[in-house]
Amino acid sequence: MLYVFLGITLLSIILAFRLRKPLILSVPFAAIFLYMIVQVAMVPLGFFETVRFIFGLR
């Protein structure tokens, strides 16, 4: 999975310089956020219970 995120990052850097659009540099952050949401959704508890559990860990 690390290689997928590295590939997304490299591709977005290349496209940002080539197309001169700095907004493309936000794509890796969006991909990581989406991956985190999918991983939380895979937990068998409800979404908000899972989020409370994650942030309640010490």
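This write-up is about the structure you can find in this document.

Focus on a nonpolar patch on the surface
Where nonpolar side chains cluster on the molecular surface, the patch consists of F53, I54, F55 and L57 and spans about 480 Å² of accessible area. Inspection of the secondary structure puts I54 in helix 3 (residues 47-56). Of the residues examined, I54 reaches a relative accessible area of 39% and is grouped as partly exposed.

Re the packing of aromatic side chains
Where two aromatic rings form a pair, the distance of their centres and the angle of their planes describe that pair. The full count for this structure, using the stated rule, is 2 aromatic pairs. Seen from their ring centres, F5 and Y35 are 5.5 Å apart, and the 80° between their planes marks the pair as edge-to-face. Placement of the pair is F5 in helix 1 (residues 2-19) and Y35 in helix 2 (residues 27-41), with a sequence separation of 30 residues. Accessibility expressed as a relative area gives 18% for F5, which makes it buried. Here Y35 falls in the partly exposed class, since its relative accessible area comes to 34%.

A closer look at the environment of L15
Summarising the element assignment, L15 is placed in helix 1. Separated by 10 residues in sequence, L15 and L25 have C-alpha atoms that sit 8.7 Å apart. In contact with L15, not counting residues within four places along its chain, are R20 and I24.

What to know about helix 2
Between its first and last C-alpha atoms helix 2 spans 21 Å; for 15 residues at 1.5 Å apiece the expected length is 21 Å, and the two agree. For helix 2, the complete set of buried residues consists of P28, A31 and V40. Contacts from the buried residues of helix 2 go to helix 1 and helix 3.

As for the side chain of T50
Checked against the element boundaries, T50 lands in helix 3. Under the relative-accessibility criterion, T50 is labelled buried at 3%. In this structure the side chain of T50 is engaged in a polar contact, spanning 2.7 Å, whose partner is the backbone oxygen of G46.

Concerning helix 1
For helix 1, which comprises 18 residues, the first-to-last C-alpha distance of 25 Å matches the rise-based estimate of 26 Å (1.5 Å per residue) to within 8%. Every buried residue of helix 1 is listed here: F5, S12 and A16. With its buried residues spanning 30° around the axis, helix 1 presents them on a single face. Those residues of helix 1 that are exposed and aimed more than 90 degrees away from the buried face are Y3, L10, L11, F17 and R18. At its buried positions, helix 1 is contacted by helix 2. After helix 1 finishes, the residue R20 shows a positive phi value of roughly 55°.

Definitions and limits used
Residues numbered from 1 in each chain as written. Predicted model: local features only at pLDDT ≥ 70, side-chain atom pairs only at ≥ 80, totals over all residues. Heavy atoms only, no water. Patch = residues over 30% accessible without salt bridge, like charges linked within 9 Å, V, L, I, M, F, W, Y side chains within 5 Å. Areas by Shrake-Rupley, 256 points an atom, 1.4 Å probe, with all protein chains shown as cover. Salt bridge = Lys/Arg side-chain N within 4 Å of Asp/Glu carboxyl O. Helix = DSSP H or I, 4+ residues; strand = E, 2+ residues; numbered from the N terminus. Buried < 20%, exposed > 50% of the residue type's maximum accessible area, 1.4 Å probe, protein only. Phe/Tyr/Trp six-rings, centres within 6.5 Å; stacked < 30°, edge-to-face > 60°. Contact = heavy atoms within 4.5 Å. Expected span 1.5 Å × (residues − 1). Polar contact = N/O pair within 3.5 Å; in protein donor to acceptor, adjacent residues only side chain to side chain. Arc of directions from axis to C-beta.

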